[in-house]
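What follows is the residue order along each chain.
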Amino acid sequence: MLRSPSGVIGLIILLLAISIAVFGPMLFPNSPWRMVQRPFLPPFTLSAVPLGTDALGRDVFAGMIFGARVSLLVGLVSTFVALVLGVPIGAMAGYFGGKVDDALMRFTEFFQTIPSFALAIVLVAILQPSIYSIVASIAVVSWPPVARLVRGEVLSLRTREYVQAAVVTGQSNTWIILREILPNALSPVIVLASLMVATAILLESSLSFLGLGDPNLISWGYMVGAGRTVIRQAWWITVFPGVAILISVLGLNLIGEGLNDALNPRLSREGR
Amino acid sequence: MLSFIAQRVLKGVIVLLAIVVLNFVLIRLAPGDPAVVMAGEAGASDQVFVKQLREKFGLDKPLPEQLFIYVKGIVTLDLGFSFRQQAPVSKLILERLPATLLLTLTAFAISLTLGILFGTCAARFAGTWLDTAVTIFALIFYAMPLFWVALMGILLFSVTVDWLPSFGYETVGGNYTGFARVIDVAKHLIMPAMTLGLFFMATYTRMTRASMLEVKRLDFVKTARAKGLSDAVIQRRHVLRNALLPVVTLAGVHSGTLIGGAVITETVFAWPGIGRLMYDALLQRDYNLLLGVFVICSAMVLIFNLITDLVYRLVDPRIEFAS
């Protein structure tokens, strides 16, 4: 991973974003909701509010720092929940085969057919916008690829000799899946997960942009959405948070590529 | 081939029915008693009216029977009534559907054409500055949030240089007819379609490039070269044709994302399609309309998937229709 330049750049971006999310609010305790200056203060005019203020005189820079928390948290947690949903479904389908496989895969395909963003909108709207409903709906729309990937891996690993050896020694199905098969199916799942975090951040920001964000938490998508109506007077309110989203997503995608090169040497870099 | 289509249509109908059932469950999950909500939306919430509504929509009946009524309604294209807009949901959607189709299909055509073009160029000149430039741009476009691209487009092309209109389907009060109207709509269409297409263009570029580099190494390409065919012919007839298969698959998979993107794009550009309708329904908490749009979006994705499946089988003769 450290040998691929894109992976290293991605890792630096991610570490930077995480440290901003963790330590930023301690270093810049300005509340992103508080009015600190006159509204529509252009950026780079006052060093106290380097990126200017929005329509209500709130600090854009503070919003970006606090927004990092929401974006990364939602991205990581919803991906984790999607893995918790997708891995067991895929593992069971691949391991047991037959009717179980058929039933689980039809179920998975069903969720894959539904337009995911539309479903996420409907779910958040019905469950009422909050950080929990956002995480839940992103997880609900993003687990199917995990299940399919894990199923494929399990299908090919199931017939390996060391798995059969475990069957012969009388190990339980759960033990075999957890201890023998899944650890060997991990690397493609890790690659997929890093790309899923990126997609989840994009989804969260799109939901917040449409006004479906958690009303108590500032997020990058919300900031862009709030600045949308005044874009002709104050470009900075929409430009900066968008750049933050772009950079974080780009970083995660680069990490995904780097991990893919490192963990799946079969797909050489030339082929990508 | 016919039996294949019949089979796929049947499967699609089953999935659609399942989506309708899911929809029914979601409606019941929506906060508040539907009859009270509807009465509130209609502007009168006295007990008699609520009771009337409950009887009219069968809300006093047991759940399985309610489900049956709901499914029966959808089969006859009755998606319920929007009290906010004072019109049947199906009518509202049908009015808006052409605009969405125009937008999504244009975006799809742009993204596929440019994506294949750029991907081919990058693969053809792999390792050169052109390849690097295309790859970096594709990476960046791939990571940009759609709503932000839309706003940056407006900032650049409408605010800074004033080349393109920033909202709407046509000039309000323009009263253009004939060819002038086509031009007017096209002007309004360029920016939304480019915005929506950009992400997919980046995806297809990456996919085409990767796939072409992979096909290039295969034996039949060497054979073609040994036969003395020109490089252009090999690239076009042998490499590109085979490399496009995964791109077609991806296009099918992406139809749902395309519809989701239309919601954002139509919202930002005030494009009068069903995506914008969904946003309005969202703002007004008009659940009937929201879920109606959701069912139609799902149906569109199913149809699109069926079409890409057919195209895939036409492009790749190795896949048999019988399966």
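Reading the values: rules and limits
Residues numbered from 1 in each chain as written. Chains lettered and ligands numbered in written order. Predicted model: local features only at pLDDT ≥ 70, side-chain atom pairs only at ≥ 80, totals over all residues. Heavy atoms only, no water. Helix = DSSP H or I, 4+ residues; strand = E, 2+ residues; numbered from the N terminus. Buried < 20%, exposed > 50% of the residue type's maximum accessible area, 1.4 Å probe, protein only. Contact = heavy atoms within 4.5 Å. Areas by Shrake-Rupley, 256 points an atom, 1.4 Å probe, with all protein chains shown as cover. Lys, Arg positive; Asp, Glu negative; His and termini not counted. Charge placed at Lys NZ, Arg CZ, Asp CG, Glu CD. Expected span 1.5 Å × (residues − 1). Buried area = accessible area lost by both parts, 1.4 Å probe. Salt bridge = Lys/Arg side-chain N within 4 Å of Asp/Glu carboxyl O. Nonpolar A, V, L, I, M, F, W, Y, C, P; charged D, E, K, R; others polar.

Novice: So what exactly am I meant to see when it comes to the overall build of chain B here?
Specialist: The secondary structure content of chain B amounts to 13 helices and two strands. If you line up chain B on its principal axes, its C-alpha atoms span 85 × 55 × 40 Å. Taking all 323 residues of chain B together, the buried fraction comes to 48%. Long-range contacts, defined here as pairs at least 24 residues apart, represent 71% of the contacts in chain B between residues at least 6 apart. Accessible area for chain B stands at about 15800 Å²; split by element, carbon and sulfur atoms hold 68% of it. Between the averaged position of the 28 positive side-chain charges in chain B and that of its 21 negative side-chain charges there is a distance of 9 Å.

Novice: Teacher, can you tell me more about helix α5 (residues 131-142) of chain A here?
Specialist: Since the α-helix advances by 3.6 residues per turn, residues separated by three or four positions end up pointing in the same direction. Residue and element names in this part refer to chain A. For α5, built from twelve residues, the straight-helix expectation of 16 Å at 1.5 Å per residue is met to within 8% by its first-to-last C-alpha distance of 17 Å. Summarising burial for α5: nine of the twelve residues are buried, a large majority. Restricting attention to buried positions, one finds in α5 the residues I131, S133, I134, V135, S137, I138, A139, V141 and S142. Those residues of α5 that are buried are in contact with α2 (60-96), α4 (116-127), α6 (144-158) and α9 (186-209).

Novice: Can you walk me through helix α10 (residues 231-253) of chain B in this structure?
Specialist: Residues and elements named next belong to chain B. For α10, which comprises 23 residues, the first-to-last C-alpha distance of 32 Å matches the rise-based estimate of 33 Å (1.5 Å per residue) to within 8%. Within α10, burial applies to I234, Q235, V239, L240, A243, L244, L245, V247, V248, L250, A251 and G252. Those residues of α10 that are buried are in contact with α5 (89-124), α8 (178-216), α9 (219-226), α11 (255-269) and α13 (287-315).

Novice: How should the interface of chain A and chain B be read in this particular structure?
Specialist: Accessible area lost upon the coming together of the parts serves often as the stated size of an interface. Contacts between chain A and chain B engage 42 residues on the former and 48 residues on the latter. Taken together, both faces of the contact between chain A and chain B bury some 4000 Å²; the carbon and sulfur share is 75%. Put simply, R206(B) and E257(A) hold a salt bridge, and the shortest N to O gap is 3.1 Å. Every element with two or more residues in the side of chain A that touches chain B is listed here: α3 (98-113), α4, α9, α10 (220-227) and α11 (236-263) of chain A. Tallying contributions element by element places α11(A) first for the side of chain A that touches chain B, with eleven residues. Counted by class, the side of chain A that touches chain B contains 26 nonpolar, ten polar and six charged residues.

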